[in-house]
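# Examining the three-dimensional arrangement
If you want the building blocks of each chain, they are given just below.
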Amino acid sequence: MASTKAMNPPRGQCTQCWYHAYASREAHAGLGPREDCPQCVDHMKNGHPAHMIVR
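Residues numbered from 1 in each chain as written. Predicted model: local features only at pLDDT ≥ 70, side-chain atom pairs only at ≥ 80, totals over all residues. Heavy atoms only, no water.

In the annotation of an unreviewed UniProt entry, the entry for the protein chain reads PRL2-8, and the organism field reads Streptomyces huasconensis.

### Remarks on the overall build of the protein chain
Secondary structure summary: the protein chain contains four helices and zero strands in total. Listed by position from the N terminus, the elements making up the protein chain come as α-α-α-α. In terms of overall dimensions, the protein chain has a C-alpha envelope of 35 × 30 × 10 Å along the principal axes. Across the 55 residues in the protein chain, those meeting the buried criterion constitute 22%. (Helix = DSSP H or I, 4+ residues; strand = E, 2+ residues; numbered from the N terminus. Buried < 20%, exposed > 50% of the residue type's maximum accessible area, 1.4 Å probe, protein only.)

### Quick word on helix H2 (residues 15–22)
Inspection of H2 places Gln-16, Trp-18 and His-20 among the buried residues, and these make up the whole buried set. Taken together, the buried residues of H2 touch helix H1 (4–7), helix H3 (24–27) and helix H4 (38–46). (Contact = heavy atoms within 4.5 Å.)

### Structural notes on unusual backbone geometry
A positive phi angle is found at Arg-34, which is not glycine, with a value near 60 degrees. Looking at the element boundaries, Arg-34 is found in the loop between H3 and H4. Assessed through its relative accessible area of 84%, Arg-34 is described here as exposed.

### Some points on the side chain of His-28
Mapped onto the elements of the fold, His-28 is located in the loop between H3 and H4. At a separation of 3.0 Å, a polar atom in the side chain of His-28 contacts the side chain of His-20. The contacts of His-28, once residues within four sequence positions are left out, are His-20, Cys-37 and Cys-40. (Polar contact = N/O pair within 3.5 Å; in protein donor to acceptor, adjacent residues only side chain to side chain.)

### Considerations on the environment of Arg-55
One can find Arg-55 in the segment after H4. Here Arg-55 falls in the exposed class, since its relative accessible area comes to 66%. The spacing of Arg-55 and Gly-12 is 43 residues in sequence and 6.1 Å in space, taken between C-alpha atoms. In this structure, Arg-55 is in contact with Arg-11 and Ala-50, ignoring residues within four places of it in sequence. Reaching out from Arg-55, the side chain makes a polar contact with the backbone oxygen of Ala-50 at a distance of 3.4 Å.

See the structure below:
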């Protein structure tokens with residue numbers, strides 16, 4: 001189960017990125033060794049969608 005910190009990002013942070021950073025094992029459980037997370041790569045390339053930013 002993800003930590004409280006992973007589930008409660010501060011204002012101005014992306015909920016997905018915060019979760020993937022602080023609950024990395026759960027978020028990336030299905031990935032193989034040295035495999036990039038498609039969701040993380042998408043956010044690195046295209047930025048964070050406005051609806052995922054904590055207001």
